[in-house]
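# Chains, contacts and geometry: an overview
Listed here are the chains, written in short residue letters.
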Amino acid sequence: RTVYVNGQYVPENEASVSIFDRAFLFADAVYEVTSVLDGKLIDFHGHITRLERSLSELGINFKVDADALLAIHRELVSKNNVTEGLVYLQISRGAASDRDFMFPAADVAPTVVLFTQSKSLIKSALAERGQKIVSFADLRWRRCDIKTVQLLYPSIVKNEAAKKGADDAWLVLDGKVTEGSSNNSYIVTRDGTIVTRELSHDILHGITRKAVLKCAAELDLKVEERAFTIAEAQTAQEAFTTSASAFVCPVVEIDGAVIGDGTPGPIAKRLREIYIDANR
Ligand code: PDD
């Protein structure tokens with residue numbers, strides 16, 4: 001693969017960043033994952049708008065030039081012949097000259113890294129059979145609206161879920177589900193209402209969430225933006241998640257309780273189809 005590091009396109013095994021990079025020592029970096037279908041980027045501008053917000057919340061001094069970033073995304077997609085997959089973009093506060101909790105001087109340049117991942121997104125065994133979910137306490141820091149690379153806890157719970165024979169983890173704060181390890185969480189109540197947590201500092205403001213809620217509105221489906229408990233989810237008609245990397249992905253089991261008839265629900269399946277059709 002060709003990857004991008006600070007203005008250069010290089011083979012992945014020749015790419016390097018400093019061991020004093022703030023991303024490496026302090027997880028002082030933000031990122032975006034944009035999906036690619038038929039060689040085209042999905043919702044690029046939504047991702048760049050969120051990137052700008054993440055950078056500004058952390059005071060990382062990087063001026064976002066959407067056209068320039070788009071050109072880099074496209075160049076990598078083309079160099080690596082990605083027809084279906086993802087583009088990962090990470091911007092850190094930069095490489096300091098030593099390990100220091102204080103931010104480096106303002107003239108230290110942020111580190112910009114991009115790479116692609118070719119993978120099949122539309123054809124997904126997980127989406128076809130539906131995910132099994134296990135819940136965990138949400139022990140992340142309380143600014144989950146900022147897309148930082150502090151992904152240790154989500155990574156731990158995903159591994160713990162796998163140990164329990166599940167596919168992913170949902171996180172619970174003060175008795176209510178916040179979101180999945182790397183996706184937003186939804187249920188469909190028995191009267192057909194789609195319920196997903198309202199936007200706040202407790203969840204990432206998903207780009208796919210926004211697009212899928214728009215699809216739902218166009219289909220005249222009822223949507224309630226509010227928090228729900230695991231108990232409510234366990235008795236729901238359907239459940240699903242959304243993310244750039246898995247689109248709409250049905251959930252068929254939560255903490256051992258079977259959702260609906262144990263197969264992907266019709267609303268989740270329909271939203272997945274419509275979302276994919278709208279983006280190709
Ligand atoms: N994760 N919530 C969390 C905690 C996430 O990490 C993500 C995305 C989402 C969904 O956001 P979007 O629809 O904009 O992808 C929600 C990416 C895909 C990742 O970390 O790989």
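Computed from a prediction, not measured in an experiment: that's the story for all the values here.

## A short note on unusual backbone geometry
A positive phi is found at A27, a non-glycine position, where the angle reads about 50°. On the basis of neighbour counts, which here come to 14 C-beta atoms within 10 Å, the residue A27 falls in the partly exposed class.

## Digging into the domain arrangement of the chain
By the assigned domains, the chain splits into domain 1 (2–118) and domain 2 (125–278). One C-alpha centre belongs to domain 1, the other to domain 2; they are set 26 Å apart. With 18 residues of domain 1 at the contact, the number on the domain 2 side is 11 residues. For the side of domain 1 that touches domain 2, the element with the highest residue contribution is strand β3 (residues 29–37), accounting for seven residues. Among the residues forming the side of domain 1 that touches domain 2, the class breakdown is eight nonpolar, six polar and four charged.

## Let's talk about the site of the ligand
Every one of the 14 residues lining the ligand counts as a neighbour, but L204, G206, I207, T208 and A244 are closest to it. Sorting the residues of the shell around the ligand by element identifies α6 (207–218) and β13 (238–243) as the ones contributing at least two each. Residues belonging to the shell around the ligand are distributed by class as follows: four nonpolar, eight polar and two charged.

## A word on the pairing of strand β7 (residues 131–137)
Bridging between β7 and strand β14 (residues 247–254) involves three bridges; their strand directions are parallel. Residue Q131 lies in a different strand from β14, and its bridge partner there is V251. Taking the sense of rotation as the criterion, the β-α-β connection linking β7, helix α5 (residues 152–163) and strand β8 (residues 168–173) turns out right-handed.

## Remarks on the sheet that holds strand β1 (residues 2–5)
Sheet architecture is open: six strands sit in the order β2-β1-β6-β5-β3-β4, paired in antiparallel fashion. Two strands lie at the open edges of the sheet, namely β2 (8–11) and β4 (40–41), each paired on one side alone. The sheet contact formed by β3 and β4 spans two bridges and is antiparallel. Paired with V36 across the bridge in β4 is L41. Where helix α2 (residues 44–58) meets the sheet, it contacts β3, β4 and β5 (85–92), and its direction lies at approximately 175° from that of β3.

Scoring rules and cut-offs
- Residues numbered from 1 in each chain as written.
- Predicted model: local features only at pLDDT ≥ 70, side-chain atom pairs only at ≥ 80, totals over all residues.
- Buried ≥ 20, exposed ≤ 12 C-beta atoms within 10 Å, placed from the backbone.
- Domains from an automatic or database assignment.
- Contact = placed C-beta atoms within 7 Å.
- Helix = DSSP H or I, 4+ residues; strand = E, 2+ residues; numbered from the N terminus.
- Nonpolar A, V, L, I, M, F, W, Y, C, P; charged D, E, K, R; others polar.
- Near = placed C-beta within 6 Å.
- Pairing = 2+ DSSP bridges.
- Right-handed = clockwise from strand over helix to strand, strands pointing away.
- Axes fitted to C-alpha atoms, helices over the stretch in contact; angles between N-to-C directions.

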